[in-house]
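# Residue-level structure breakdown
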Amino acid sequence: MDRHRSGCRRRCRGPGSRERHTTDGVLPRLLFWEGLERGGETVSRATRSDHCTVKVAQVLDVLPGIDRADAADLLITVITLCDGWPVLPQVDTLLAGNGADRTTRRRAFIVRTATLLAGADYIGRVSTPPQTRESAPMAKELANQLIEQLQAAGVQRIYGIVGDSLNPIVDAVRQTGGAAKGGIDWIHVRHEEAAAFAAAAEAQLTGKLAVCAGSCGPGNLHLINGLYDANRSGAPVLAIASHIPSKQIGSSFFQETHPDRIFNECSVYSELVSTAEQAPRVMHSAIQHAVGLGGVAVVTLPGDIAGLEATAPTPLPAAFRPASLVPDPASVQALADAINEAGKVAIFAGAGVEGAHAELMALAELAKAPVGHSLRGKDFVQYDNPFDIGMTGLLGYGAAAEGIEDADLLILLGTDFPYDQFLPDTRTAQVDRAAQRLGRRTDVDIAVHGDVLPTLRALLPLVTAKKSRRFLDQMLKKHDRLMNKAVGAYTRKVEKKQPIHPEYAASLLDQVAAENAIFTADTGMCNVWTARYINPLGTRRLIGSFLHGSMANALPHAIGAQLANPGRQVISVSGDGGLSMLLGELITLAAYKLPVNVVVFNNSTLGMVKLEMLVDGLPDFGVDVPDANYAAVSKALGFHAVRVTDPAQIEAAYREAFAHPGPSLVELITDPKALSIPPKISGSQVLGFATAMSKVVLNRGAGEAVSMARSNLRNIPRR
């Protein structure tokens, strides 16, 4: 008797059982694998895999001709030796609905079958089959290990476009089974820039890590603009930049770039993976940097390295609760003293006041201070705010510019407002958690290093309530007048005026949109209209490229916003210039049937650039956008879409589109000459505008200049 059969005889003896005999055929052919040799040659994995395709029916056919214990051994041998290969497919089909993984289902079937064949005394041996070299788990690829780290970090989707250097990562994502099964979804966008924007929006709205990926060379280069936006917005985004084969790095190989260098300026962490041993620690560090510092982390991963066997242990996830930075008591006291001494106090607040709305209102009440805000601070400041005086800056409105200029003390709370020409030369205090921001935009007399919330909580008991509301009331009255006569101009009784006034369309959008809607706004005039006419309500969000200022951000931002918030209404407020730049992402909406509502302000011009030219004394040139029917394009993709030229039809168009269960697009043909006039106009800006108008008259006639002036008189601030 050969060694394999005698080995089986010894192993097949049950407690108190007699020696059992087996027959020639299937059993010995399967059991010789334990020795792994036949004629001195190692049995290949392919040979074992071929034998492991034995079907249940074939196994059962031989059972009547062999001893019951040997039959049980046959079954347990199949499951022990064939884990991970396509064995017993009928069992898989039969038991697929029980929720267990494949190996568990098969082993349960074998245990039950073997118990029935050999008796209950056999179950102990069958339940814990002996571990041999053949039954050890299959090796894990490095790509799978890295994707498991992202799963452990709570990542549910990766935005990107597949490519050969990304194949190991993409296949590892596939093997997770998708987010519905606790894994990760692969979101196929049309352009990697959109992948980065989508991840940025998801991260900003959830506060959690979001991920995008690009293949080597051009693929990951396309990520860079969206990653700049994410990093400047403080969004925790991790980018996987796949790379050329590691042995080719430095040889000017096809598609060679150096992602680990390229992304340094738009990230808080960027590292090249060189070995399988190094990789899991790099991924761990990337996750911690992105989440801990609030920014982009880039992992550059050569495709050949990703396909290697994982050799290093996976670091445990280091989940943490973000800490609050408490200011130095002496700094808080200095701020309190300045407030108590000042006759007129004004507050200008940014995104750093998130979560401190009640404390901000309490401070404004004590100091009788009007409160202005930046565009990023709008969501967290404007709602339920009886001290609101609007927003300053080029996109601003209301009395904010005058309010902060006339104050004896200006308090900057959680803002890194970059436009120093809109900041007054007055005594200034600044509160910020990032010490490097203190005093970099304007001279600061009192610098407080700390988060806004703990700073205000420490400050409030030290502030003496002011009795006079004179300065506050003056600013509130001026703000009300400006809002009704300038910002509110042409939003009423214009149902028959064509072309559509964009202000009117934006005010209707504010009325029709859901109370918890998420708005994404394209850079340019769409920023102006959403800033001035969309009310945040404390329940809405407005996302844009507010610090990076990129065009074409609204649509991909909306993709990430909708996927991360499937139950909320998402509205992309897009300009025709921005939409046309990443028009292909309409296909992404159609492919995933995302119920994003795209509202296109089509004025056939780059309006913000036109304004900048006019202010600089230049006639507008090169700003025209060819007329395109975006509604027709969207209909061809399966959208609910409508083109609106009659302002009386806008509200009905909104309501019908927002009720549609899939993607929708409302295209509004708006006045191309409607521009944004900032709340504070300098003499040089007036001179520039007048000079530009004279050039327009000379080049295109007086009618053009008069038409442009009429379109914008409604936006000129009035004292």
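Everything in this summary refers to the structure shown in the same document.

### Remarks on the nonpolar core
Judged by nonpolar contacts, the single largest core of 47 residues is most densely connected at Cys212, Leu227, Val237, Leu589 and Leu665. With eight residues, helix α11 (residues 192-206) is the single largest residue contributor to this core. Setting aside chain neighbours within four positions, we find valine 237 in contact with Ala199, Ala200, Ala203, Leu209, Ala210, Cys212, Leu227, Ala230, Ala290, Gly295, Val296 and Ala297. Judged by nonpolar contacts, the second largest core, of 39 residues, contains Ile500, Cys526, Ile650 and Val666.

### What to know about the sheet that holds strand β7 (residues 269-272)
In spatial order, the strands read β4-β3-β5-β6-β8-β7; together these six strands make up an open sheet with parallel pairing. Where the open sheet ends on each side, the last strands, each with one partner, are β4 (185-188) and β7. Across the sheet, the axes of successive neighbouring strands diverge by a mean angle of 20 degrees, strand direction being ignored. Here strand β5 (residues 210-214) pairs with strand β6 (residues 237-243) via five bridges, running parallel. When the sheet's bridge partners are listed, cysteine 212 is paired in β6 with alanine 239.

### Some words on unusual backbone geometry
Residue proline 499 follows glutamine 498 across a cis peptide bond; omega there is -5 degrees. With respect to the helices and strands, the residue proline 499 is situated in the loop between α22 (470-487) and α23 (502-512). One non-glycine residue with positive phi stands out, namely serine 252, at about 55 degrees. Residue placement: serine 252 occurs in the loop between β6 and α14 (259-262). Classification of serine 252 by relative accessible area gives exposed; the value is 70%. The phi dihedral of lysine 368 is positive, around 50 degrees, even though this residue is not glycine. Topologically, lysine 368 is positioned in the loop between α18 (357-367) and β10 (371-373).

### A few points about the environment of glycine 439
In this fold, glycine 439 is placed in the loop between β13 (427-432) and β14 (446-449). The partly exposed category is assigned to glycine 439, whose relative accessible area is 33%. Along the chain, glycine 439 and threonine 428 lie eleven residues apart, while their C-alpha atoms are 9.3 Å from each other.

### Here's the deal with helix α17 (residues 329-341)
Residues that lie three or four places apart on an α-helix share one face, since the helix turns once every 3.6 residues. Relative to the 18 Å expected for 13 residues at 1.5 Å per residue, α17 spans 18 Å between its end C-alpha atoms, a close match to the ideal helical length. Of all the positions in α17, only Val332, Leu335, Ala336, Ala338 and Ile339 are classed as buried. Burial along α17 is one-sided: seen end-on, the buried residues are contained in an arc of 160 degrees. In this structure, α17 carries Pro329, Ala330 and Glu341 as exposed residues pointing more than 90 degrees from its buried face. Looking at the packing, one finds that the buried side of α17 touches β9 (345-349), α18, β12 (409-413), β13, β14 and α21 (452-459). Measuring from the side-chain oxygen of the N-cap residue of α17 to the backbone nitrogen of alanine 330 gives 3.1 Å; that N-cap residue is aspartate 328.

### A closer look at the pairing of β5
The buried fraction of β5 amounts to five of the five residues, a majority that puts the element mostly inside the structure. Of the two faces of β5, both are covered, the one formed by Ala210, Cys212 and Gly214 as well as the one formed by Val211 and Ala213. Pairing geometry for strand β3 (residues 157-160) and β5, over three bridges, is parallel. Bridge assignment links isoleucine 158 to a residue of β5, and that residue is valine 211.

### What to know about the pattern of salt bridges
Between side chains of opposite charge, a pair can form when the charged atoms approach closely. Applying the stated criterion to the full structure yields 17 salt bridges. Between arginine 469 and aspartate 473 there is a salt bridge; the shortest N-O distance is 3.1 Å. According to the relative accessible area criterion, arginine 469 is partly exposed, its value standing at 32%. Between aspartate 627 and arginine 643 there is a salt bridge, with the nearest N and O atoms lying 3.1 Å from each other. Of this pair, aspartate 627 sits in the loop between α28 (607-615) and α29 (630-636) while arginine 643 is found in strand β19 (residues 640-644), placing the two residues 16 residues apart along the sequence.

### What about the sheet that holds strand β11 (residues 388-391)?
With parallel pairing, six strands are arranged side by side in an open sheet as β11-β10-β9-β12-β13-β14. Only two strands of the sheet have a single partner each, and these edge strands are β11 and β14. Pairs of neighbouring strands in the sheet enclose a mean axial angle of 20 degrees, with direction left out of account. With two bridges connecting them, β10 and β11 associate as parallel partners. Across the sheet, the residue bridging to histidine 373 is methionine 391, located in β11.

### What about a nonpolar patch on the surface?
On the surface, a cluster of nonpolar side chains totalling about 200 Å² of accessible area is made up of Ile587, Val633 and Leu637. Along the chain, isoleucine 587 turns up in helix α27 (residues 585-592). Using a relative accessible area of 38% as the deciding quantity, one classes isoleucine 587 as partly exposed.

### Some details on the side chain of asparagine 565
Residue placement: asparagine 565 occurs in the loop between α25 (554-564) and β17 (570-575). Asparagine 565 sits in the buried class, given a relative accessible area of 15%.

### Observations concerning the packing of α17 against α21
Helices that pack against each other are described as a pair by the angle of their axes relative to one another and the distance between those axes. Two elements in contact, α17 and α21, have axes separated by 10 Å at closest approach and are oriented at 60 degrees. Between α17 and α21, the angle falls in the class oblique. As α17 packs across α21, the resulting crossing turns out to be right-handed. Contact residues: Val332, Leu335, Ala336 and Ile339 in α17; Thr455, Ala458 and Leu459 in α21. Classifying every residue of the contact of α17 with α21 by side-chain character gives six nonpolar, one polar and no charged.

### Quick notes on the packing of aromatic side chains
According to the stated counting rule, one finds three aromatic pairs in the structure shown. The interplanar angle of 80 degrees and the centroid separation of 5.1 Å between the aromatic rings of phenylalanine 348 and phenylalanine 417 together place this pair among those described as edge-to-face. Here phenylalanine 417 lies in the loop between β12 and β13 and phenylalanine 348 lies in strand β9, a separation of 69 residues in the sequence. Classification of phenylalanine 348 by relative accessible area gives buried; the value is 0%. Classification of phenylalanine 417 as buried rests on a relative accessible area of 8%. Plain terms: the ring middles of tyrosine 654 and phenylalanine 658 are 5.8 Å apart, the flat faces sit at 10 degrees to each other, and that makes the pair stacked. You can see tyrosine 654 and its partner phenylalanine 658 sitting in helix α30 (residues 650-659), four residues apart, about one turn around the helix.

### Let's talk about the side chain of lysine 478
For lysine 478, the position within the fold is in helix α22. Classification of lysine 478 as buried rests on a relative accessible area of 12%. Among the polar contacts listed, one links the side chain of lysine 478 to the side chain of glutamate 402, at a separation of 3.5 Å.

### Describing helix α15 (residues 279-293)
The terminal C-alpha atoms of α15, which comprises 15 residues, lie 21 Å apart, in line with the 21 Å expected from a rise of 1.5 Å per residue. Within the span of α15, buried status applies to Ala279, Pro280, Val282, Met283, Ala286, Ile287 and Ala290. On an axial view of α15, the arc spanned by its buried residues comes to 160 degrees, and they lie on one face. Exposed side chains of α15 directed beyond 90 degrees from the buried face belong to Arg281 and Leu293. Looking at the buried residues of α15, the elements they touch are α9 (142-152), β6, β7 and β8 (296-302).

Rules used in this analysis
Residues numbered from 1 in each chain as written. Predicted model: local features only at pLDDT ≥ 70, side-chain atom pairs only at ≥ 80, totals over all residues. Heavy atoms only, no water. Core = buried A, V, L, I, M, F, W, Y, C linked by side-chain atoms within 4.5 Å. Buried < 20%, exposed > 50% of the residue type's maximum accessible area, 1.4 Å probe, protein only. Helix = DSSP H or I, 4+ residues; strand = E, 2+ residues; numbered from the N terminus. Contact = heavy atoms within 4.5 Å. Pairing = 2+ DSSP bridges. Axes fitted to C-alpha atoms, helices over the stretch in contact; angles between N-to-C directions. Expected span 1.5 Å × (residues − 1). Arc of directions from axis to C-beta. Polar contact = N/O pair within 3.5 Å; in protein donor to acceptor, adjacent residues only side chain to side chain. Salt bridge = Lys/Arg side-chain N within 4 Å of Asp/Glu carboxyl O. Patch = residues over 30% accessible without salt bridge, like charges linked within 9 Å, V, L, I, M, F, W, Y side chains within 5 Å. Areas by Shrake-Rupley, 256 points an atom, 1.4 Å probe, with all protein chains shown as cover. Parallel < 35°, antiparallel > 145°, perpendicular 65-115°, else oblique. Left-handed = near helix turned anticlockwise from the far one by under 90°. Nonpolar A, V, L, I, M, F, W, Y, C, P; charged D, E, K, R; others polar. Phe/Tyr/Trp six-rings, centres within 6.5 Å; stacked < 30°, edge-to-face > 60°.

These results come straight from atomic positions and should not be treated as a statement about function.
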